[in-house]
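Here is what each chain is made of, one letter per residue.
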Amino acid sequence: MQYFINSEGAVVLSLVIKSIQENKDYLGAVDGEIGDGDHGVNMNKGFSMAGERIEAQHGYSDACKIIAEALMDDIGGSMGPLYGSFFKTLWRQSRNLERIDAVEYLGMLKAATASVKEIGGAKVGDKTLVDTLEPACAAFEAEVISSSDFDSALAASIKAAGIGRDSTKEMIAQVGRSARLGERSRGVLDAGAASSFIIMESMHTAIRAILHG
Amino acid sequence: MQYFINSEGAVVLSLVIKSIQENKDYLGAVDGEIGDGDHGVNMNKGFSMAGERIEAQHGYSDACKIIAEALMDDIGGSMGPLYGSFFKTLWRQSRNLERIDAVEYLGMLKAATASVKEIGGAKVGDKTLVDTLEPACAAFEAEVISSSDFDSALAASIKAAGIGRDSTKEMIAQVGRSARLGERSRGVLDAGAASSFIIMESMHTAIRAILHG
Amino acid sequence: MRESRFLTKSFNHKSMQRIVNNPDDLVNEMLEGFVEVHSDLVRQLPSNPRVLKYIKAPVPGKVGVITGGGSGHKPAFIGYIGENMLDAVAAGEIFSSPTAKSFRDAIKAADSGHGVAVLYGNYSGDNMNVKMARADAEDDGITVKTVVANDDVASAPKSQPEKRRGVAGEVFMWKVGGAKAALGGNLDEVIAAAQKAIDHTRSVGIGLSSCTIPAVGKPNFHIEPGTMELGIGHHGEPGLKITEIQTADEMAAMCLDLILPDLPFESGCEVAVLVSGLGATPVSELYVFYRKVSQILKASQISIHRSYVGNYFTSLDMMGVTLTVMKLDDELKNLIDLPCNSIGLKQF
Amino acid sequence: MRESRFLTKSFNHKSMQRIVNNPDDLVNEMLEGFVEVHSDLVRQLPSNPRVLKYIKAPVPGKVGVITGGGSGHKPAFIGYIGENMLDAVAAGEIFSSPTAKSFRDAIKAADSGHGVAVLYGNYSGDNMNVKMARADAEDDGITVKTVVANDDVASAPKSQPEKRRGVAGEVFMWKVGGAKAALGGNLDEVIAAAQKAIDHTRSVGIGLSSCTIPAVGKPNFHIEPGTMELGIGHHGEPGLKITEIQTADEMAAMCLDLILPDLPFESGCEVAVLVSGLGATPVSELYVFYRKVSQILKASQISIHRSYVGNYFTSLDMMGVTLTVMKLDDELKNLIDLPCNSIGLKQF
Ligand SMILES: Nc1ncnc2c1ncn2[C@@H]1O[C@H](COP(=O)(O)OP(=O)(O)O)[C@@H](O)[C@H]1O
Ligand SMILES: Nc1ncnc2c1ncn2[C@@H]1O[C@H](COP(=O)(O)OP(=O)(O)O)[C@@H](O)[C@H]1O
Ligand SMILES: [Mg+2]
Ligand SMILES: [Mg+2]
Ligand SMILES: [Mg+2]
Ligand SMILES: [Mg+2]
C-alpha cells in the first residue's frame, strides 16, 4: 500500500513508546557522557505516561497528540518542548486526514522538524536531535521525489537518521547542557540525536509493517 | 640519689611532651577504634603548646602548671579537665618543695590520680585513664613501703601502668564517648589508658635518669 | 497525585545512601512535606501541585514575581517564596525544567492584573518552557516579561553573555525583583531592577564531589579525589579547569580572580557577597572561605555592604561552593536591605 | 590569634574534598568569618575569641542563657545566639568540648547580675568543663544553674536517662530557655522551662555515611553502602543497630517507633517536630521524611503544632537525619511560638 489509515495507526506510536522504554538505560548512558544522564529517565517517563493514555479507539493523530501533551504538561525539561512540539505538529498536520500517504507524511515530517528547530533554536551541526531529524526528513523527501514510494522513502529516512545520529559523534555541542563542554563534547553521540533515531526507526518501521500489511 | 631537685626537673616534662608528640598517630589510632579518633590530636596539641611555653628558668612544678594550664585553658575536650587536673595537682602538691623524694612523690601521684577520679567520676574498671593511673600509683606506694627506693618504685609503677593499660583491653567502657558501645567496646585498649601509660613511662623514666644522675 | 509506575524497573533505593521512597515520587512527596511545614507561607495550587504560591498571592496591586526550575537546589527555588520575595514558583523534576504548563500556572497564580515578571536561569529547557508559557499566558491576557540570569562567569566568555548560565546570583535577582515589586514598582521597573541586579552580579563555583540524582542512582559525574573543578555548574556542568585541590584561601582567591575583572568590580565600590554551599560541604567551611573573600575584597578597596553565607542554592549532595558578588548602587542597596520573609531568606 | 604549628606534620589537605586551610585553624578562621557576616547579631569576646556573644548581652535585667559544645554542628551552637535565644556560646574544637575557661567566659559575658542558665548536652567533656567553669563563675559571684540535654533515646535505655546524650532536641531546649528568659523569667523559672522542654523531648538519628574531621583527614567511622545505622550519635557514636537501607517512609516509621513509646507521646497530645539533616543529606529528602512523620503522627491522633525541617544540628559532612519530637503544654507552646532572631532560627 502507499498509505496507512489514520484511525488504525495508533499501533505505530505504541511501538515508538515500546522502543523508548526498551532503550531507557541506553539513552541514560549516552546522556551521561556529556549531559546529566537523565535523558532515558525523561523519555521513558513521558512516553510511558502517554502509553497508559492511548486507548483502543485512538488513531495515529490522537496518539501523537497524547504523546505531545504528556511531554509538554507532565515532563518539562528540554524534552517537553522539543518532542512536545514535534508530536504536536505531527498531530496538527494529520488530524484531519483519513489516509496518510507519502506526500502528506512528508509535509508532516517537515513541519514537525521545523517546529523543533523553532522552539530550540538549534540547526544541523549543533549536536542535537536536529542532526537526526533533518537528514531523515531530507532523505524521505528525496526518495519521495525520485521513486514516489512511501515504503522506500521510510527506509531511506531510517538510514539517513542513523547516519545523522552518528554524525553527532564528531560534533562539538553548540546548544543545551553539553554546549559548555566545548571541544570536550566531541567523541560521543548526542543523547537527543540517539533518541530521535529510535523514534524515527521505530515509527517508520511500524508504518512500513502496516504498508506491507 | 633518692630525690630530684624541683628547679632542675623541667626536663622531665619536656620528655613527657616529646613522648606524647611521638605517639600522636598511635593515640589517634587507638581512639579511632572505639572513640572519635582525636585523642592523638588533642594530646599533641595541648602538650606541644605547653612545650613552647616551658623555658630555661622553669622547674618541675612550673612545668606541671604550664601543662595544666595549656590543657585547661586551650584544649578543652575531656583531656583539658582530666589531665589538666592531674598536672595541676602535681604542681599544687610540689610547688613548695625544693627536693622531691619518694614519699613526697607518692603523695603527689595519689592526689593527682584522685583529682582525675573526682572530676571525671571514673573508677578502676571503667576503661579510662584511671585504669593506668591507679595501679601505677598503688605499685609505687607498695614499692616505697617495701624498699623505700625511689628508683625501684618508679620502675614498679611503670610496669604496673603497662599492666593497667593492657587491662582495659578486656573491659567494657563505662564512661566517656565509648561507653555507648557496651559489649562492642571490648577487645581494644582505651585511648586515655594508653596516653597515661605514655605519660607515666616517660615521666618516670626521666626521673629515674636524673636519680641515676 | 500522579502515580509513577514506570521508572521503578531498574530502581533500587539500596544503591544510594539517601532518604527516598520511589525516586520518581521524590519531588511530589517533597512538595507535600514542604507545604505542610510552611503552611504559614506557601500553598500548592489545587489544579497543579507542581506550582507553589505565596499564601497572599496574587497580592492586590502588586506586580507578580515568579521563577521556576528543576528541583534539587533547596532552598531554591520554592524556598524563596514569601513576603517581599517570590509570589509563585514552578517546580520541575530533579535538575529538569518545569513544564510549560507549570510556568504558565505560576504566572497565573501570581498575576493580580499588573503583569508578571518571570526571573529565571539561562538553561535550555527553562528558556523553551518559559517561552511557551509566556505565549500561553499572553493569550490569556496577562502581561509577562522576563529576566534571564547569567551570572556564572565560568560558563562562557564575557563576549557571549547569552551563553552564560544562571547560578546562585539568582537569589540576588529574586531578592531585588521581589523587593522592587513589594515597594510598588510597575512591571517595567521590576524587570529593570532585576535585570540590573543580575547584570551587576557575577558568580563562580568550585566542585569537590559529584552528586547523585536519586532516579539515576549513581553519581552524575566524577571528580577525582585530590582534585577540584573550578567553574563547575549547578548540575555538575564541567568547569573551566580541574586542578589539584587547593586550600580554602586559594579557592577564594581563584574565584575572585575570575569574578572581579569580569564586571569589573573596582576599587571603591560596594558589594553584596553570597557564599553558598553546594549541599554537602559543612557550613563551617563556608565561613572559612568567606573570611578570605572578605580579606581580598578589603585589600582591593571593595567594601562589603552585606553578606550571606550558607546553603542558599545547592546541588543535591554535591560538595563545593559558589561565590557570588553583586556590585551595588543606591537602588540595589535599598532593595537588598528590604526586610523579607521566605524560608530560604529571612531579613528583619 | 593563636598560631597552630603543631599538628601540621601529618596534615595534607589534599587528602579530603574539603574547604580548609590548616585544619587546626579551622575553628578560629570559621569564627572570624562568622562574626564578620553576622556582626548585626554576634560579637567575639576580645579576651577570648572562642566565645561569641549576642551584641546586646548581657541584656539588662534578663537571666543569661548560654551553651557551648564542639564545633562542626552548624548552625549549632553559635548559630542560635540572638534575640530571645542564647546570649553567649563557648566554641570548642571540631567535635570536642570547649575549655572550662571558655564556658566561664561565656557565663560572664551573659550575666547581667540575674544569674546564668547553662543549657548544654550530656557529653563527658562538656560535663567536666561546665562543672569547672561553674565553680569558677560562682567564685566570681555569678549564680549558675544547668540543664543537661539527654533527648537521644538511642543512646541509653529509658532507665538510665543520665547516660543519654543530647542531640537536636537541644535546639528546643535553647528556644524554650531563651524565650522564658526573654519574657522575664527568673533563673529558676528559666531552668525549669528548659528542663521541662528537654524532659518532654525525644530524638533519634539515622546515619547514612560517616563524616571526616579535617584534622584527622579520614572518615571517622564506616557505614557500609547499602546499610544504615539507626540511633547514630551526632559524632558518629554507634547506634542501636545496622540494617539494610530502608525507604524514607520506613526510616520515619522506625524513628517514631523508638520515640513515641519512650515518653510516651499519647493520642490527643500536641507536639513540635524538628527534622534535621546531619549535613550532607539534600534538604529535599528531609521533607520526604517529614511527610511520613506527619502521616504517622496524624494516624496516632498526635497533632503537630509547629514543625522545623532543615539543617538545624549537623555533623560535618555526615549523611542522615535526626528526628526530634517535643510534647507541648501551654507554657511550652507559648515559648516555642515566641518570635526570635538568630542565624539558625528566625521566627517572626
Ligand atoms: N535548544 C535545543 N535544541 C535542540 N535540541 C536540544 C536543545 N537543548 C537540548 N537539546 C537536546 O536535548 C538533549 C538532552 O535531553 P535531556 O537529557 O532529556 O534534557 P536535559 O538536557 O534538560 O537533561 C540533548 O542531547 C539535545 O539533543
Ligand atoms: N569521665 C571520664 N573519666 C575519666 N576518663 C575519661 C572520662 N571521659 C573520657 N575519659 C578518657 O578520655 C579518653 C578520650 O579522650 P579524647 O579522645 O581526647 O577525648 P574525647 O573523648 O572527647 O574525644 C578516653 O579514652 C578515656 O580514657
Ligand atoms: Mg539530560
Ligand atoms: Mg576522642
Ligand atoms: Mg536534565
Ligand atoms: Mg573528641
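Use the structure listed above.
Residues numbered from 1 in each chain as written. Chains lettered and ligands numbered in written order. Predicted model: local features only at pLDDT ≥ 70, side-chain atom pairs only at ≥ 80, totals over all residues. Heavy atoms only, no water.

## Observations concerning helix H8 (residues 150-167) of chain B
Each α-helix turn comprises 3.6 residues. Residues three or four places apart therefore point the same way.
Now for step 1: Taking 1.5 Å per residue as the helical rise, H8 of chain B with its 18 residues ought to reach 26 Å, and the 25 Å between its terminal C-alpha atoms agrees with that figure.
Now for step 2: Along H8 of chain B, the positions that sit buried rather than exposed are Phe150, Asp151, Ala153, Leu154, Ser157, Ile158, Ala160, Ala161, Gly162, Gly164 and Arg165 of chain B. (Helix = DSSP H or I, 4+ residues; strand = E, 2+ residues; numbered from the N terminus. Expected span 1.5 Å × (residues − 1). Buried < 20%, exposed > 50% of the residue type's maximum accessible area, 1.4 Å probe, protein only.)

## Some remarks on the side chain of Ser342 of chain D
Now for step 1: Structurally, Ser342 of chain D is set in strand S14 (residues 340-342).
Now for step 2: In this view, Ser342 of chain D contacts Leu41, Gly79, Tyr80, Ile81, Gly82 and Met85 of chain D; residues no more than four positions away in its chain are not counted. (Contact = heavy atoms within 4.5 Å.)

## What about the pattern of salt bridges?
Two side chains with opposite charge may pair up if their charged atoms get near one another.
Now for step 1: What the rule picks out here adds up to 62 salt bridges over all chains.
Now for step 2: The partner of Arg18 of chain C in a salt bridge is Asp317 of chain C, with the nearest N and O atoms 3.3 Å apart. Residue Arg18 of chain C is located in the segment before helix H1 (26-37), and its partner Asp317 of chain C is located in the loop between strand S12 (303-310) and strand S13 (320-327); the two are separated by 299 residues in the primary sequence.
Now for step 3: Taking the relative accessible area as the measure of exposure, Arg18 of chain C reaches 2% and is therefore buried.
Now for step 4: Notably, a salt bridge pairs Arg134 of chain D with Glu138 of chain D, separated by 3.3 Å at the nearest N-O pair. You can see Arg134 of chain D and its partner Glu138 of chain D sitting in helix H3 (residues 124-139), four residues apart, about one turn around the helix.
Now for step 5: Judged by relative accessible area, Glu138 of chain D falls into the partly exposed class, the value being 38%. (Salt bridge = Lys/Arg side-chain N within 4 Å of Asp/Glu carboxyl O.)

## Considerations on the site of ligand 2
Now for step 1: Asp36, Asp38, His39 and Asp190 of chain B together with Ser124 of chain D are the nearest of the 19 residues found near ligand 2.
Now for step 2: Mapping the residues adjacent to ligand 2 onto the chains of the assembly identifies chains B and D.
Now for step 3: At 2.7 Å, a side-chain N or O of His39 of chain B approaches an oxygen atom of ligand 2.
Now for step 4: For ligand 2, an oxygen atom lies 3.0 Å from a polar atom in the side chain of Asn42 of chain B. (Near = heavy atom within 4 Å. Polar contact = N/O pair within 3.5 Å; in protein donor to acceptor, adjacent residues only side chain to side chain.)

## Let's talk about the interface of chain B and chain D
Now for step 1: Facing 31 residues of chain B, the contacting portion of chain D comprises 34 residues.
Now for step 2: Together, the buried faces of chain B and chain D total about 2,700 Å²; carbon and sulfur atoms form 53% of this surface.
Now for step 3: Viewed at the interface, chain D and chain B are joined by one salt bridge.
Now for step 4: The closest approach of N and O atoms between Lys45 of chain B and Glu93 of chain D, which form a salt bridge, is 3.4 Å.
Now for step 5: The tally of links between chain B and chain D comes to six residue pairs in polar contact (both at pLDDT 80 or more).
Now for step 6: Listing elements by their share of the side of chain B that touches chain D, those giving two or more residues are helix H2 (24-34), helix H3 (39-53), helix H4 (60-75), helix H5 (79-94) and helix H6 (102-120) of chain B.
Now for step 7: Among the elements that line the side of chain B that touches chain D, the one with the most residues is H3 of chain B, at seven residues.
Now for step 8: Tallied by class, the residues present in the side of chain B that touches chain D amount to eight nonpolar, eleven polar and twelve charged. (Buried area = accessible area lost by both parts, 1.4 Å probe. Nonpolar A, V, L, I, M, F, W, Y, C, P; charged D, E, K, R; others polar.)

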